[in-house]
Amino acid sequence: MNKVISREEISFILQDGMTVMIGGFMGVGTPEGIVSIILDEGIKDLTLITDDTAFVDTGVGPLIVNHRVKKAITTHIGKNPEAGRQMIAGEMEVDLVPMGTFVERVRAGGAGLGGILTPTGVGTIVEEGKEKLTVDGRDYLLEKPLHAEIALLKAYKADKSGNLIYRKAARNFNPLMALAADLVIAEVEQIVEIGEMDPDEVMTPGVLIDKIFVQGGCE
């Protein structure tokens, strides 16, 4: 099966109102080519699951600035003042999640778990509306898993079966999100033939990747 897709094919896959996971940390490791497609195609009303809202002009930031996100589930918005403005104005719903809890909720979504137990937030407003359990005399909050219809990842290199290699810190949340979505699209800088990558270097196995989008196109 040929996993390499064109820009036009991506535009047919992405639809208004979807729940989308996007990798990256402060814009590093974000598939900005696919973000540009979302902007160009006018796709809107997204529920965005991402570590942070980056900056106004990098990463997922342009999606916020252009009002394409109706809800953001994220750990941090402080570097993107437009995200804060929209949250305060009621233009965008924001669910702020501690980073460790965020990671484990994504992991739970990928593993098919019913949730995780964490002491983070106990005794604060974070626990409002959540189930609290006591284990061995200690209180925990039940945090439910995060799962998306589509995960959009960024990798440095792929082979045509979808095995991925990330570059340094750009790995961040991408491998985890590959587990927690119905459809996974990886944007890559390079693509090689099957067998050209050292198996020991593979960071995300191709079985998890449904589609590959090559920056600048692929011959």
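Going by the structure above, here's the rest.
Residues numbered from 1 in each chain as written. Predicted model: local features only at pLDDT ≥ 70, side-chain atom pairs only at ≥ 80, totals over all residues. Heavy atoms only, no water.

A.B. asks: Help me understand the pairing of strand β1 (residues 19-22), please; the structure alone is not making it clear to me.
C.D. replies: Each regular strand shows side chains that alternate between the opposite faces of the sheet. Here β1 shows no split at all, with Thr19 and Met21 on one side and Val20 and Ile22 on the other all buried. As paired strands, β1 and strand β2 (residues 46-49) are joined by three bridges and run parallel to one another. Bridge pairing in β2 links Met21 to Ile49. Each parallel crossover has a hand, and the one from β1 via helix α2 (residues 32-41) to β2 is right-handed. Bridge analysis of β1 against strand β8 (residues 148-159) gives three bridges, and the strand direction is parallel. Bridge pairing in β8 links Ile22 to Leu152. (Buried < 20%, exposed > 50% of the residue type's maximum accessible area, 1.4 Å probe, protein only. Helix = DSSP H or I, 4+ residues; strand = E, 2+ residues; numbered from the N terminus. Pairing = 2+ DSSP bridges. Right-handed = clockwise from strand over helix to strand, strands pointing away.)

A.B. asks: Where do I start with empty space enclosed by the protein in this structure?
C.D. replies: Which parts of space are left empty comes out when a probe the size of a water molecule is rolled across the atoms. If you walk through the whole model with that rule in mind, you get one cavity of 30 Å³ or more. Of the voids in this model, the largest cavity is the one considered here, and its volume is about 40 Å³. Lining the largest cavity are Ile22, Gly23, Gly24, Phe25, Met26, Gly27, Thr30, Thr50, Asp52, Ala54, Gly59 and Val60. (1 Å grid on protein atoms, 1.4 Å probe; cavity = no way out; pocket = protein on both sides within 12 Å on 5 of 7 lines; lining within 4 Å. Points joined across faces, edges and corners; volume = space filled by probe spheres on them.)

A.B. asks: What should I look at first to understand the side chain of Asp52 in this one?
C.D. replies: Among the secondary structure elements, Asp52 is positioned in the loop between β2 and α3 (61-65). No salt bridge is formed by the buried Asp52. Its closest oppositely charged neighbour is Lys79, at 10 Å. Every residue in contact with Asp52, bar those within four places of it in the chain, is listed here: Gly24, Phe25, Met26, Gly27, Val60, Thr74 and His76. (Lys, Arg positive; Asp, Glu negative; His and termini not counted. Salt bridge = Lys/Arg side-chain N within 4 Å of Asp/Glu carboxyl O. Contact = heavy atoms within 4.5 Å.)

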